[in-house]
Structures are given as C-alpha cells and as structure tokens.
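Listed here are the chains, written in short residue letters.
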Amino acid sequence: PIPAPDKFVVMVCGNIGRALDLKVLLEAVEGVTGLEVLVVGGGSELQKMRNFARARFMDNIVFTGPVPFESLSSYYRRSNLLFLQVHENYSSSRPVRLYEYLATGLPILVASKGETKEFASTFENVTVVAPGNARLLRKTLLELTQLPLALSFENSRQIEERYLRDQLSPAYEV
C-alpha cells in the first residue's frame, strides 16, 4: 500500500537488517500523528520490526516487504523524506542505499557516524544526526515536517556524474 498524500511520509528502503537499526526510528515516531513511516524492503529484521510495531499498535507504520525494483519510483514519489540510519558497529561503511537516495533528489535524514556521516554531509538537502537516539530523531523529524522541503537537482547531478558506472567506465577503458 502507498501512503495517503495528506501525511508526511518518511520512507526507509532496502535491507531491513541489523545495520539499519530500524527500531530507533519506530520508537521515535510512536504516537506522532500526521507522520507515516513507509518501510520498503525485506531482510533479517523485517518480521521482528513488524512484530514490534504491531505490539505497540503503531498504525503509522506501513511495511511493504520486498518490492520489484521497477516499482520503487512510485514509492519515492509519495515520500517527503528518506531515512537512513547506520548502527555504530557499521560506522566505517558507506551503504549503497545512500547513493540511490541522493540520486532521487529527495530530502534525506541520515543518522550515522563515521564514513556515512562524512560522505552524506558533503551533499545538500541532507540532515545528519547521531545514530541510536530516538529522542533526538523524533525532535529532528518534527522540525523537518515544518520546513518547506524541496528536491535537490544538484545531488542528482553529482551522483550521475561522479558515481554512475556508465559515466565512469569510459575513463578506465584501454
């Protein structure tokens, strides 16, 4: 199900595993009205997170499970903000999901330290906070819902020029 357009929609997309630490986001939005979290994807923690939300009667969380890549754009179009958290144990990583998020041009909230934080901070339309803090995350989300959020065509351009394989491969041809 795609969320109603009258709500502020925060989308999480990709592998729902330990590195994402989705429980922190769910705790942050518990009881918040007018905000919906759209969780698109599967993974080792998906059922655990569904159970967590169900046990707390959280009707502002929508879990789609895995969806075909071709249908992702319809979910992105209905989202106001993209969310990525990287658990502290994985702070030296730079998730591929971040490149996809940046290419959409949508505003992004990143909860991370280390490499992901450093990389994400070089782009516009990205808010970075410390990971693992539901109270800080809730405060930041509530602030972002009050701002006029817009697309970043500059982020899309940078991802295309600097990171897409089709653009980079001619430089490495012999």
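Our subject is the structure that appears above.
Residues numbered from 1 in each chain as written. Predicted model: local features only at pLDDT ≥ 70, side-chain atom pairs only at ≥ 80, totals over all residues. Heavy atoms only, no water.

Engineer: For helix H4 (residues 96-104), give the residues involved together with the corresponding values.
Structural biologist: For an α-helix, 3.6 residues make a turn, and residues three or four places apart therefore share a direction. For H4, the complete set of buried residues consists of Arg97, Leu98, Tyr99, Tyr101 and Leu102. Immediately downstream of H4, the backbone of glycine 105 shows phi near 85 degrees, a positive value. (Buried < 20%, exposed > 50% of the residue type's maximum accessible area, 1.4 Å probe, protein only. Helix = DSSP H or I, 4+ residues; strand = E, 2+ residues; numbered from the N terminus.)

Engineer: I'd like a description of the environment of leucine 35, backed by residues and values.
Structural biologist: Structurally, leucine 35 can be placed in strand E2 (residues 35-40). Residue leucine 35 is classed as buried on the basis of its relative accessible area of 3%. When the C-alpha atoms of leucine 35 and isoleucine 159 are compared, they prove to be 29 Å apart, with 124 residues separating the residues in sequence. Each residue touching leucine 35, except ones within four places of it in the same chain, is listed here: Phe8, Val10, Val29, Asn60 and Thr145. (Contact = heavy atoms within 4.5 Å.)

Engineer: For the pattern of salt bridges, give the residues involved together with the corresponding values.
Structural biologist: As enumerated under the stated definition, the model contains eight salt bridges in all. Note that glutamate 143 is salt-bridged to lysine 139, the shortest N-O span being 2.7 Å. Residue glutamate 143 and its partner lysine 139 are located together in helix H6 (residues 134-145), separated by four residues, close to a single helical turn. Here lysine 139 falls in the partly exposed class, since its relative accessible area comes to 48%. Arginine 157 is paired through a salt bridge with glutamate 161; the nearest N and O atoms lie 2.6 Å apart. Taken together, the residues arginine 157 and glutamate 161, both in helix H7 (residues 153-163) and four residues apart, mark about one turn of the helix. On the basis of relative accessible area, arginine 157 is assigned to the partly exposed category, the value being 35%. (Salt bridge = Lys/Arg side-chain N within 4 Å of Asp/Glu carboxyl O.)

Engineer: A description of the packing of H4 against H7 should follow, citing residues and the corresponding values.
Structural biologist: Close contact between H4 and H7 brings their axes to 6 Å; oriented N to C, the two are set at 130 degrees. Here H4 lies oblique to H7, going by the angle between them. Contacts between H4 and H7 involve Tyr99, Leu102, Ala103 and Thr104 from the former and Asn155, Ser156, Ile159 and Tyr163 from the latter. Taken together, the residues of the contact of H4 with H7 sort by class into five nonpolar, three polar and no charged. (Axes fitted to C-alpha atoms, helices over the stretch in contact; angles between N-to-C directions. Parallel < 35°, antiparallel > 145°, perpendicular 65-115°, else oblique. Nonpolar A, V, L, I, M, F, W, Y, C, P; charged D, E, K, R; others polar.)

Engineer: Which residues make up the pairing of strand E1 (residues 8-13), and what values go with them?
Structural biologist: Across the six residues that make up E1, a large majority, six, are buried. Residues Phe8, Val10 and Val12 line one face of E1 and the alternating positions Val9, Met11 and Cys13 line the opposite face, and both faces are buried. Pairing between E1 and E2: six bridges, direction parallel. Residue pairing in the sheet places valine 9 in a bridge with glutamate 36 of E2. As for the winding sense of the linkage, the β-α-β connection from E1 through helix H1 (residues 22-29) to E2 is right-handed. Of the strand pairs in this sheet, E1 and strand E4 (residues 81-85) are connected by two bridges, and their pairing is parallel. Bridge pairing links valine 10 to leucine 81 in E4. (Pairing = 2+ DSSP bridges. Right-handed = clockwise from strand over helix to strand, strands pointing away.)

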